[in-house]
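# Examination of the molecular architecture
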Amino acid sequence: MVTSFTAFAQHHSLSSEESHKPTYIGKRVEYDLYIDHLKVNYSGKERMGLAINGSIPGPVLHFTEGDTAIIRVHNKLMMDETSIHWHGLLLPNEEDGVPYLTTAPIKPGQTHTFKFPLIQSGTYWYHSHTMLQEQSGVYGSIVIHPHNWKEQKEQVIMLSDWTDENPHEVLRNLKRGLDWYAIKKNSVQSWGEAFVKGYLKDRAKTEWIRMPAMDISDVYYNRFFINGKSESTFADVKPGDSLRLRVINGSASSYNWIQYAGGKMKVVAADGLPVQPVEVDKLLIAIAETYDVEIKIPDDGMAYEFRATAQDISGHASLYIGDGMKMNAPDLPKIDYFAMMREMNSMMGSMSIGSMDMSGMDMKKMKRMDTGKDTSMMNMPGMDVKDMKMDSTMTMPNDTTMKKMDMSGGDMGNMKMENPDEVTLTYDMLRSPRSTTLDAKLAMREIKLNLTGNMIRYVWSFDNRTLSQSDKILIRKGENVRMTLVNNTMMRHPMHLHGHFFRFINAQGEYSPMKHTFDIGPMETITIEFYANEEKDWFFHCHILYHMMAGMARVVSYENSPANTQLKPGDQKMVFKEDRKTYLWGQTKIASDAVFGYANLVGNKGIFNLTYRVSYKNKYEVQPDYQRFLDKRQFLSAYIGADIRNTFQVTENGKRVDRKVGVIGVRYLLPMFLLSELRVDHLGNVRFQLSRNDIPITKQLRLSLVGNTDMEFNIDFDYNIGKRFYIHASYDSDYKYGTGLTLLW
Ligand SMILES: [Cu+2]
């Protein structure tokens, strides 16, 4: 521990006297945390959440630097094990709280005692690292005051997102590509809307490159919270007071825009550590980051709003500071999704269309687009320039100052709200008070990782491998590590390294800030560096809970480490199994002509498909197959199955056209999401088929088409009337017209 402490003090923000203080000088500070089920009602519907000591979020844990924390975590859950990870804290590996990786899982009814010295100060948080428990409420904040803390009024601001759905259901819905979230958020980007708004060509372009309609975030949330409430008041202030807000983004998958209606916010710390103060009007806080900001309470006695808005502007939470008349922060403009789409296309304009896709984007090609940047990008409504930044190697001037410039200044109608002098925090404004350079005499280990993902199948990964498909990243104690991350996806990812602070290399050079979590935008390259002064295994992952669970994680492992004393042999296999879940879903149509639909059992590499149709005239058909993906992008697959049908149809020469055949074939996803399929049955009959599912004609209307060389075809319309329900109408070459109800299950 002393090694870590010294290294930490040397490189970071602790003063030199502090760094010589022994580690265990403080008090023993004890907490008991009881994790239990809790009935909640946030949106008019009663739901089961998970709480710590009966509340969401859990209690604020207060410490002073140098204290020893003794925290007993009691699992009161009926069936499920749990865990607590201390996010951003430097502590012995076994205390890090990642179940099966560093720490034993806490079984139902068990108590686990954590004990570790606090060798740092600042704003941190804690949360369950078991499955999706964090989304249900298992999180809370940590405040560690420095020794020389000058008494100052302060308040913790814990941000979070809440869904009425079971989080496992959310993940399954993301995997299957459920329309409902986009419909609720108005981000469908239908062909009809594209036509009306003049974006038809842009819509076609994105489909041509097999890119699904982009959204800023994946999930639809019922509520956003500050300290567990959508709206609340903090009245313990007087005009003229200065107040330190310790802002923590404990959301499962929501970045947040932060605004304060009463004036500027002075950013004084990032991820717990002090930074050179900088005054801003607005900042985007990534998931799992923390910022300390100081505000001044205006003299007029009004209650000014501190607001946290989800980055996709689908909702916000408010804390009114003061008890006077309420003064609101300005609404942020809605996202202009089509403008975003056009900008994305223009970035890709110079690339050979068709060779591009979401997952396997070729960075060499991307780099050639350096010059593709023009000023229209700067003025683009609905765009965040950082989102558009292609690569850090881009040669445009002022690249760095643009990095996080906020262009989400949306539709023109709202422009009056925009203040040209408004300052939005960028990473490049974060400056460490001290030099953070590493000891140049040490060897530097270079690690390169591409962030990759398959949006269509919702598989997230590094270098196209999920956690379960990958090995540990090996490093050695005593060396420097430089990680270069290239985001090849069209989404932001908040990356978190456990147990370490790293230099986040930015425009401040030698004074680059120390962080434990950083945001990486679409197509962006980020470099971090740290002195490897630990031992054993540490988790490194995207902090979007659903991305982590879908595979976007690695284990950073110190070679030649002593054995972990908390784990049983084979425990770590559990960690590597996390993303290997299979999902079952399907669709059933109850129509005037027949009952039909499909069922899918889906894994990372393959799918069991079953399609079936049973008519009321005793006709039936059923086609089971197993399909295995063959390429990185998962466009190409091979399958083996059967085709059994009994339609009692007779051809002109009196032959029944029924079949009972075994089939093998290949499927390939063509541009425009046209699924082509070539198969041969065991009698030697060859069939070629083209299909396209779920073309969004309007926000709620979907069209699906199938046709094949056996002269069979089907046209199918579905009109959305609820999360899992559509009204259905179709014409089929065999079954003719039909209408009814579609149910997704
Ligand atoms: Cu992610």
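Located above this text is the structure these notes cover.
All chains use their own residue numbering, which begins from 1 and follows the written sequence. Owing to the predicted nature of the model, reporting of local features is limited to residues with pLDDT of at least 70; listing and counting of side-chain atom pairs is limited to 80 or more, with chain, interface and lining totals taken over all residues. Only hydrogens and water are set aside when side-chain values are computed; all heavy atoms of the structure are taken into account.

This brings us to the pattern of salt bridges. What makes a salt bridge here is a side-chain nitrogen of Lys or Arg within 4 Å of a carboxyl oxygen of Asp or Glu, nothing more. By the definition in use, this model includes 56 salt bridges. Across the pair R307 and D331 runs a salt bridge whose closest N-O atoms are separated by 2.8 Å. One end of the pair, R307, is in strand β18 (residues 303–310); the other, D331, is in the loop between β20 (326–327) and α8 (337–348), with 24 residues separating them in the sequence. A residue is classified by how much of its surface remains accessible, and R307, at 4% relative accessible area, is buried. Per-residue accessibility, obtained with a 1.4 Å probe over protein chains only, is compared with the maximum for each type, and a residue is labelled buried under 20%, exposed over 50%, and partly exposed between these values. The exposure class of D331 is partly exposed, given its relative accessible area of 47%. Across the salt bridge formed by E559 and R445, the nearest N and O atoms sit 3.6 Å from each other. In this pair, E559 sits in the loop between β31 (553–558) and α14 (572–577) while R445 sits in strand β21 (residues 444–454), placing the two residues 114 residues apart along the sequence. Helix numbering and strand numbering both begin at the N terminus, where a helix is a DSSP run of H or I of at least 4 residues and a strand a DSSP run of E of at least 2.

Time to look at the side chain of S251. Relative to the assigned elements, S251 resides in the loop between β12 (242–249) and β13 (256–260). As used in this structure description, the phrase polar contact means that two N or O atoms lie within 3.5 Å; if the pair is within protein, one of them must be able to donate a hydrogen and the other to accept it, and residues adjacent in sequence are counted only when both atoms belong to side chains. A polar atom in the side chain of S251 sits 2.6 Å from the side chain of N249. Throughout, a contact is declared for two residues whenever any of their heavy atoms are within 4.5 Å. Residue contacts for S251: discarding those within four places in its chain leaves E134, L159, S160, D161, N256 and I287.

Next up on the list: helix α7 (residues 200–208). Of the residues making up α7, those classed as buried are D202, R203, T206 and E207. Summarising the axial view, the buried residues of α7 lie within an arc of 135°, below the 170-degree limit, and thus occupy one face. Think of the arc as the fan of directions from the helix axis to the C-beta atoms.

Moving on to the environment of L283. With respect to the helices and strands, L283 occurs in strand β16 (residues 282–285). Through-space distance from the C-alpha of L283 to that of Y427 is 9.9 Å; in sequence the pair is 144 residues apart.

The strands making up a sheet associate through hydrogen bonds between their backbones, and the pairing can be parallel or antiparallel. With mixed pairing, 6 strands are arranged side by side in an open sheet as β10-β9-β12-β17-β14-β15. The sheet is open, and its two edges are formed by β10 (223–226) and β15 (273–280), each paired on a single side. Averaged over all adjacent pairs, the angle separating strand axes in this sheet is 25°, with direction ignored. Sheet topology note: the β12/strand β17 (residues 290–296) ladder contains 7 bridges and is antiparallel. Following the sheet pairing, I248 is matched in β17 by T290. Pairing between strands is defined by DSSP: at least two bridges between the two strands are required. Axis lines are fitted through C-alpha atoms, for helices just across the contact stretch, and the angle between N-to-C directions can take any value from 0 to 180 degrees.

Take the layout of surface pockets next. Any empty space left between the atoms is revealed when a probe the size of a water molecule rolls over them. Computed from the structure, the largest pocket encloses a volume of approximately 730 Å³. The set of elements that each furnish at least two residues to the lining of the largest pocket consists of β2 (46–52), α3 (133–136), α4 (167–176) and α14. The leading source of residues in the lining of the largest pocket is β2, at 4 residues. Taken together, the residues of the lining of the largest pocket break down into 14 nonpolar, 10 polar and 9 charged. A cavity here means a set of points on a 1 Å grid, drawn over the protein atoms and nothing else, where a 1.4 Å probe fits but cannot get out; a pocket is an open set with protein on both sides within 12 Å along at least five of seven lines, and a residue lines either one if it has an atom within 4 Å of a point. Grid points are joined across faces, edges and corners, and a volume is the space filled by probe spheres set on the points. Just so you know the grouping, Ala, Val, Leu, Ile, Met, Phe, Trp, Tyr, Cys and Pro go in nonpolar, Asp, Glu, Lys and Arg go in charged, and all remaining residues, Gly too, go in polar.

The next point concerns unusual backbone geometry. Omega for the bond connecting I56 with P57 falls within 30 degrees of zero, at -5°, which places this linkage in the cis form. The topology assignment puts P57 in the loop between β2 and β3 (61–64). Positive phi values are uncommon outside glycine, yet A288 reaches one of about 80°. By the element assignment, A288 lies in the loop between β16 and β17. By relative accessible area, which is 0% here, A288 ends up buried. Look at D463: it is not a glycine, yet its phi comes out positive at around 50°. Of note, D463 is situated in the loop between β22 (459–462) and β23 (473–475).

Now for a nonpolar patch on the surface. On the surface, a nonpolar cluster with roughly 640 Å² of combined accessible area is contributed by I640, I664, V666, L678, V680, V686, F688 and L690. Of all the elements in the fold, those that place two or more residues in the nonpolar patch are β37 (659–670), β38 (674–681) and β39 (686–696). A per-element tally of the nonpolar patch places β39 first, with 3 residues. Here L678 shows up in strand β38. Each patch groups residues whose relative accessible area exceeds 30% and which form no salt bridge, using 9 Å between like charges and 5 Å between nonpolar side chains of Val, Leu, Ile, Met, Phe, Trp and Tyr. In short, Shrake-Rupley with a 1.4 Å probe defines the accessible areas, and a residue's cover is counted only from the protein chains shown.

On their own, these measurements won't tell you what the molecule is for.
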